[in-house]
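# Examination of the molecular architecture
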Amino acid sequence: MTLVVLVGGARSGKSTLAVQRARAQGGPVTFIATGEARDEEMAERIARHQAERPPEWTTVEEPIELRRALAGVPGDHTVIVDCLSLWIANGGDGAVQAAREGLTIAVTNEVGLGIVPVNALARAYRDELGRVNASWVAAADEAFFVVAGRALRLS
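Being a predicted model, the structure only gives us computed values, none of them experimental.

Let us look at the overall build of the protein. On a plain count of helices and strands, the protein comes out with 5 helices and 7 strands. The linear arrangement of helices and strands in the protein, starting from the amino end, is β-α-β-α-β-α-β-α-β-α-β-β. Whereas a compact globule of 155 residues would reach a radius of gyration of roughly 15 Å, the protein reaches 15 Å, a difference of no more than 12%. Along the three orthogonal principal directions, the C-alpha set of the protein runs to about 45 × 40 × 30 Å. For the protein, the share of sequence-separated contacts (at least 6 apart) that also reach a separation of at least 24 residues comes to 77%. A total accessible area of about 8,200 Å² is found for the protein, and carbon and sulfur atoms account for 54% of it. Of note, the protein has its 16 positive side-chain charges centred 5 Å away from the centre of its 19 negative side-chain charges.

This is the structure we're talking about:
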């Protein structure tokens, strides 16, 4: 099993790099989407992401039960989890889900580089996502910080 984590800011190219890596791997791919189209803007974002993916890929929409979604994917599939930050916002538990045979590519946002949020809920989310990102990167075989479409290897 190989776990790769791509962490970076919004619109940094994380998802595009995940799709490129999965294509390069060859073989079947399952895309686990954690986002939900709760408004028109989010529906448009999801549609753009879907258009980037080959039509033969399997998509599983699972906003919270990531462990269950991963358990349902055959071991020979590459999996993209996009993204951990929405999974946490939806109420996911944050536990590293790396126990599978095939390549798993997890995409997540780095939200701790900006200003300190003004309200307690936003600060709590930033702090929790920071802990989740750190634990996933610690468990990863490879991790990259993505900026402007470029991936910088984290050691």
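So, about the pairing of strand β1 (residues 2-8). Among the 7 residues in β1, 6 count as buried, and that is most of the element. As paired strands, β1 and strand β5 (residues 103-109) are joined by 7 bridges and run parallel to one another. Pairing of V5 across the sheet is with A106, part of β5. Pairing of β1 with strand β6 (residues 142-147) involves 5 bridges; the strand directions are parallel. If you follow G8 over to β6, its bridge partner there is V146.

Here we come to helix α2 (residues 40-52). Along an α-helix, a turn takes 3.6 residues, which lines up residues three or four apart on a common side. Between the first and last C-alpha of α2 there are 19 Å, a value that for 13 residues agrees with the 18 Å anticipated at 1.5 Å per step. The distance from a side-chain oxygen at the start of α2 to the backbone nitrogen of E41 is 3.2 Å, and the residue carrying that oxygen is D39.

Attention shifts here to unusual backbone geometry. Residue C83 is bonded to the preceding D82 through a cis peptide linkage, with omega at 5°. By the element assignment, C83 lies in the loop between β4 (78-82) and α4 (84-90). We note that R11 has phi near 60°; this positive angle belongs to a residue other than glycine. For R11, the position within the fold is in the loop between β1 and α1 (14-25). Located in the positive-phi region is A148, a residue other than glycine, with phi close to 50°. Examined against the element boundaries, A148 turns out to sit in the loop between β6 and β7 (150-153).

A general feature of soluble globular proteins is that nonpolar side chains tend to end up buried together. I32, L66, L84 and W136 are the most contacted members of the largest nonpolar core, which has 17 residues in total. Only β1, α3 (66-71), β4, α4 and α5 (120-139) provide two or more residues apiece to this core. Look past the residues within four positions of W136 in its chain and what remains in contact with it is L3, V5, L66, L84, W87, G94, A95, V96, Q97 and A106. Judged by nonpolar contacts, the second largest core, of 16 residues, contains V29, I80, V107 and F144.

Conventions we followed
- Residues numbered from 1 in each chain as written.
- Predicted model: local features only at pLDDT ≥ 70, side-chain atom pairs only at ≥ 80, totals over all residues.
- Heavy atoms only, no water.
- Helix = DSSP H or I, 4+ residues; strand = E, 2+ residues; numbered from the N terminus.
- Rg over C-alpha atoms; globule rule 2.2 N^0.38 Å.
- Contact = heavy atoms within 4.5 Å.
- Areas by Shrake-Rupley, 256 points an atom, 1.4 Å probe, with all protein chains shown as cover.
- Lys, Arg positive; Asp, Glu negative; His and termini not counted.
- Charge placed at Lys NZ, Arg CZ, Asp CG, Glu CD.
- Buried < 20%, exposed > 50% of the residue type's maximum accessible area, 1.4 Å probe, protein only.
- Pairing = 2+ DSSP bridges.
- Expected span 1.5 Å × (residues − 1).
- Polar contact = N/O pair within 3.5 Å; in protein donor to acceptor, adjacent residues only side chain to side chain.
- Core = buried A, V, L, I, M, F, W, Y, C linked by side-chain atoms within 4.5 Å.

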